[in-house]
Amino acid sequence: MTTTFTDETRERARDIIARYPADRSRSALLPLLHLVQAEEGYVSPAGVAFCAEVLGLNKAQVGAVATFYTMYKRKPTGDFLVSVCTNTMCNVLGGQEVYDTLAEHLGVGHDETTADGTITLEHAECLAACDYGPVMTVNYDFFDGVDSSAAVGVVDELRAGGRPMPTRGARLCTLKEMAVQLAGFADERDGAVADGGPGEPTLRGLRLAQQHGVSVPGFDPNTPIRSKAEADKAAAEAKAKAEAAKPAPVEASAAPVKGGDGASAPTGAAGVAEPAKPAEATGPAKPAEATGPAKPAEATGPAKPAEASGSTTRDVKAPDDKSPQVRTAETRQPDAGTAVPDAPGTKVPTDGTGTAPEAGDARAAEAAGVAANAPAGDGKPAGDEAGAQERNLTEAKAGTDADGAGPADANETGAQK
């Protein structure tokens, strides 16, 4: 078992951490696990400790992630991971027979490796290729529509040192080489990414669209994908153009119109002053019509508040205006001095004689509980070490350790910085 990671791995680890903000460095854990698997062939206890060291986490946090995802292997794995789909669709098409044949031919079972260390066999759940079933993958590259004899031919060629070409995707590489790519680094083999091509079932929709003349209106397949800066600039220009196209608001007249008595007359809804009626020269003002119907409120005016219900209690907020926790606490044990008996959703308990109990301090208890259980942020979960995160970000920028020397090995010192 490897106990010391190479300088190249440590340099790549710093590159991975530098991809993320300082307070989100934990997001680098997934690619870092692929990185240590690329060196050792699996995620060893030393690999868990390495990831914990560089991210300032504890080993339990790293182990919880490493054991959750099946792509992280917890024991030594062969150069080629052969996965056979045995889920419903592939099983109906013969996937289980393919797996059983390979298990007997190789002399291994699920998650076991051949004696020569070449092949690790596993049965997989859905490999997301139902239209190609039954399928198997070698280091996550697809071999579609396989049968028992074709699968045996693939593993025999692998054990003989060959590299059979997958049905789709680039040419095969070892599991360690694939782990480097999963960690976010390019495949450095000449022309590797130019190999392979899409399968016919994948292109079926395109073929039907071409056959029936179906296309997206105004779609140009040669349109380049804009960068984020270009997209933001275009969005800002479109927003400015839309703002400029809006009609200017009608402003009220600057000079008020004087009424007959010299007072300013009120303006109408459109901002135009209404002419004031001259005062009656003679006679008292006419009283309002007693028998005439009341005029309805203007349609555009503000709604009148509802009439008082006659309740002797003060106005209270609706229960939905409170958080569910506070509302539940008040319902169970409201404060006798503040609870409103007829408030919706609130019931004041009594001691059997009709007398409310003493104040239960429900609000104070709820506030104390909230203060003692602050929600955890996604940036720095419990146990994270902020100093280690800042140190690794500094190392990623400077390209060297904080003390000016090469990076220290956590497995040799046995302590986190």
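Residues numbered from 1 in each chain as written. Predicted model: local features only at pLDDT ≥ 70, side-chain atom pairs only at ≥ 80, totals over all residues. Heavy atoms only, no water.

Focus on the overall build of the protein chain
Helices and strands together make up the secondary structure of the protein chain, namely 14 helices and 5 strands. Split by element, the accessible area of the protein chain, about 26400 Å² in all, is 56% carbon and sulfur. (Helix = DSSP H or I, 4+ residues; strand = E, 2+ residues; numbered from the N terminus. Areas by Shrake-Rupley, 256 points an atom, 1.4 Å probe, with all protein chains shown as cover.)

A word on the environment of Val-146
Within the element layout of this structure, Val-146 appears in the loop between strand E5 (141–143) and helix H7 (148–159). Exposure remark for Val-146: the relative accessible area of 8% places this residue in the buried category. Residues Val-146 and Val-135, 11 residues apart in the sequence, show an inter-C-alpha distance of 5.9 Å. Apart from residues lying up to four places away in sequence, Val-146 is in contact with Val-98, Pro-134, Val-135 and Met-136. (Buried < 20%, exposed > 50% of the residue type's maximum accessible area, 1.4 Å probe, protein only. Contact = heavy atoms within 4.5 Å.)

Side note on the nonpolar core
Within the largest apolar cluster, 28 residues are counted, with the highest numbers of intra-cluster contacts made by Leu-29, Leu-32, Leu-33, Leu-55 and Val-62. Elements represented by at least two residues in this core include exactly helix H1 (7–17), helix H2 (29–40), helix H3 (45–55), helix H4 (59–66) and helix H8 (175–182). With 7 residues, H3 is the largest single contributor of residues to this core. With residues near it in sequence (within four places) discarded, Leu-29 still touches Cys-51, Leu-55, Leu-57, Val-62 and Val-65. Counting 21 residues, the second largest nonpolar core, distinct from the first, contains Leu-102, Ile-119, Val-146 and Val-152. (Core = buried A, V, L, I, M, F, W, Y, C linked by side-chain atoms within 4.5 Å.)

Observations concerning the sheet that holds strand E2 (residues 112–113)
In spatial order, the strands read E2-E3-E1-E4-E5; together these 5 strands make up an open sheet with mixed pairing. Every interior strand has two partners, whereas the edge strands, E2 and E5, have only one. The sheet contact formed by strand E1 (residues 80–85) and strand E4 (residues 136–138) spans 3 bridges and is antiparallel. Each bridged residue has a counterpart across the sheet, and for Val-82 the counterpart in E4 is Val-138. Most of the contacts of H7 go to E4, to which it runs at about 10°, and overall it touches E1, strand E3 (119–124), E4 and E5. (Pairing = 2+ DSSP bridges. Axes fitted to C-alpha atoms, helices over the stretch in contact; angles between N-to-C directions.)

Some thoughts on the confidence of the model for the protein chain
The share of residues in the protein chain with pLDDT of 70 or more is 62%, and the mean pLDDT across the chain is 75. Here residues 405–417 is a poorly scored stretch, pLDDT under 50, and it has 28 contacts once near neighbours within four places are set aside; other chains count. (pLDDT = per-residue confidence, 0-100.)

So, the packing of H1 against H3
H3 packs onto H1 with a crossing angle of 50° between their chain directions and a minimal axis gap of 11 Å. Here H3 runs oblique to H1, going by the angle between their axes. Two packed elements cross with a definite hand, and for H1 against H3 that hand is right-handed. Here Thr-9, Arg-10, Ala-13 and Ile-17 of H1 lie close against H3, whose contacting residues are Phe-50, Glu-53, Val-54 and Leu-55. Each residue belonging to the contact of H1 with H3 can be placed in one class, and the counts come to 5 nonpolar, 1 polar and 2 charged. (Parallel < 35°, antiparallel > 145°, perpendicular 65-115°, else oblique. Left-handed = near helix turned anticlockwise from the far one by under 90°. Nonpolar A, V, L, I, M, F, W, Y, C, P; charged D, E, K, R; others polar.)

Quick look at the packing of aromatic side chains
Throughout the structure, instances matching the rule amount to 3 aromatic pairs. Aromatic pair Tyr-69 and Tyr-72: ring centres 6.1 Å apart, planes at 85°, arrangement edge-to-face. For Tyr-69, a relative accessible area of 40% corresponds to the partly exposed category. When its relative accessible area of 6% is taken as the criterion, Tyr-72 is described as buried. Counting every residue linked through ring pairs, the aromatic cluster contains Phe-68, Tyr-69 and Tyr-72. When the ring centre of Phe-142 is taken as reference, the NZ or CZ atom of Arg-168 above it lies at 4.4 Å. (Phe/Tyr/Trp six-rings, centres within 6.5 Å; stacked < 30°, edge-to-face > 60°. Lys NZ or Arg CZ within 6 Å of the ring centre and 35° of its normal.)

Let's talk about helix H6 (residues 95–106)
Helix length check: H6 (12 residues) gives 17 Å between terminal C-alpha atoms against 16 Å at 1.5 Å per residue, within 8%. If you check which residues of H6 are buried, you get Gly-95, Val-98, Tyr-99, Leu-102, Ala-103 and Leu-106. The buried residues of H6 all sit within an arc of 130° when viewed along its axis, so they share a single face. Residues of H6 that are buried in the fold lie against E1, helix H5 (88–92), E3, E4 and H7. Once H6 finishes, Gly-107 follows within two positions and takes phi at roughly 75°, a positive value. (Expected span 1.5 Å × (residues − 1). Arc of directions from axis to C-beta.)

Quick notes on the packing of H6 against H7
A pair of packed helices is characterised by two quantities: the angle between their axes and the separation of those axes. Two elements in contact, H6 and H7, have axes separated by 9 Å at closest approach and are oriented at 40°. With respect to H7, the axis of H6 lies oblique. By crossing handedness, the relation of H6 to H7 is classed as right-handed. Along the contact surface, H6 presents Glu-97, Val-98, Thr-101, Leu-102, His-105 and Leu-106, while H7 presents Ser-148, Ala-151, Val-152, Val-155, Asp-156 and Arg-159. In terms of residue class, the contact of H6 with H7 is built from 6 nonpolar, 3 polar and 3 charged.

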